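Understanding the architecture of this molecule
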Amino acid sequence: MLQPKKVKHRKWQKGVVRGIETRGTALAFGSYGLKALEGEWITARQIEASRRAITHHIERGGKVWIRIFPDKPVTKKPPEVTLGGGKGAVSHYVVQVRPGRILFEMDGVSEGDAREALRLAGHKLPVKTAFVKK
């Protein structure tokens, strides 16, 4: 799974996903892509599940680019722990996705295969997605 080697601060505040994405909204590497239509946190596990769905469908042909990276730590306290005692330990990492962000790109496969592979990947994600092409 994806996770940063180093972070400036071990624990971050939650924050709010607001607005429309201004960066990473156009295809830069491949001919086909998967674009987010909603704002949400996407975990490293969800990104990995999507990546595996894509590579399984295209049978390791073509090339896949992952345009997002989970660098935001999310903390969680153990079950049945009372209030107090500070913030919990880091449990996983997420990326904050805003509407319009390109999540995955593909090249080297037919449009039909790319469309189906990205559709399968979209089902693994907590956001509504759209297929885009150059």
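Residues numbered from 1 in each chain as written. Predicted model: local features only at pLDDT ≥ 70, side-chain atom pairs only at ≥ 80, totals over all residues. Heavy atoms only, no water.

1. Here's the deal with the overall build of the protein chain
Helix and strand counts for the protein chain stand at two helices and seven strands. Going from N to C terminus, the protein chain has its helices and strands arranged as β-β-α-β-β-β-β-α-β. C-alpha atoms of the protein chain, sized along the principal axes, occupy 55 × 30 × 25 Å. Taking all contacts inside the protein chain whose residues are at least 6 apart in sequence as the whole, residues at least 24 apart take part in 82%. Of the roughly 8,600 Å² of accessible surface on the protein chain, a fraction of 50% belongs to carbon and sulfur atoms. Computing the positive centroid from 27 side-chain charges and the negative centroid from 12, the protein chain places the two 10 Å apart. (Helix = DSSP H or I, 4+ residues; strand = E, 2+ residues; numbered from the N terminus. Contact = heavy atoms within 4.5 Å. Areas by Shrake-Rupley, 256 points an atom, 1.4 Å probe, with all protein chains shown as cover. Lys, Arg positive; Asp, Glu negative; His and termini not counted. Charge placed at Lys NZ, Arg CZ, Asp CG, Glu CD.)

2. Describing the environment of Lys-128
Considering the arrangement of structural elements, one finds Lys-128 in the loop between α2 (111–123) and β7 (129–133). Lys-128 sits 34 residues away from Val-94 along the chain, and the two C-alpha atoms are 17 Å apart. Not counting residues up to four positions away in its chain, the partners in contact with Lys-128 are Lys-35, Ala-36, Leu-37 and Glu-38.

3. Observations regarding the sheet that holds strand β5 (residues 89–97)
The strand order across the open sheet formed by three strands is β2-β5-β4, and the pairing between neighbours is antiparallel. This sheet does not close on itself; its edge strands, each paired only once, are β2 (40–43) and β4 (72–76). Direction aside, neighbouring strands of the sheet carry axes that sit 50° apart on average. For β4 and β5, the ladder comprises five bridges, and the chain directions are antiparallel. Opposite Pro-73, over in β5, you have Tyr-93 as the bridge partner. Packed onto the sheet, helix α1 (residues 44–57) meets β2 and β5 and runs at close to 70° relative to β2. (Pairing = 2+ DSSP bridges. Axes fitted to C-alpha atoms, helices over the stretch in contact; angles between N-to-C directions.)

4. Observations concerning the pattern of salt bridges
Summed over all chains, the structure comprises six salt bridges. Here Glu-105 ties to Arg-67 by a salt bridge, and the two come within 2.2 Å at their closest N and O atoms. A residue pair is termed long-range when its members are at least 10 positions apart, and Glu-105 in strand β6 (residues 102–107) and Arg-67 in the loop between β3 (63–66) and β4 qualify at 38 residues. Its salt-bridge partner being Arg-119, residue Glu-116 comes within 2.7 Å of it at the nearest N-O pair. Of this pair, Glu-116 and Arg-119 both sit in helix α2, separated by three residues, roughly a single helical turn. Given a relative accessible area of 27%, Glu-116 falls into the partly exposed group. With a relative accessible area of 41%, Arg-119 lands in the partly exposed category. (Salt bridge = Lys/Arg side-chain N within 4 Å of Asp/Glu carboxyl O. Buried < 20%, exposed > 50% of the residue type's maximum accessible area, 1.4 Å probe, protein only.)

5. Quick word on the packing of aromatic side chains
A full pass over the atoms with the stated rule returns two aromatic pairs. Taking 5.8 Å as the distance between ring centres and 20° as the angle between the ring planes, the aromatic pair formed by Phe-29 and Trp-65 counts as stacked. Of this pair, Phe-29 sits in the segment before β1 (32–36) while Trp-65 is found in strand β3, placing the two residues 36 residues apart along the sequence. Exposure remark for Phe-29: the relative accessible area of 46% places this residue in the partly exposed category. Ring centres 5.8 Å apart and planes at 20° place the aromatic pair Tyr-32 and Phe-131 in the stacked group. Within this pair, whereas Tyr-32 is found in strand β1, its partner Phe-131 is found in strand β7, the two being separated by 99 residues in sequence. (Phe/Tyr/Trp six-rings, centres within 6.5 Å; stacked < 30°, edge-to-face > 60°.)

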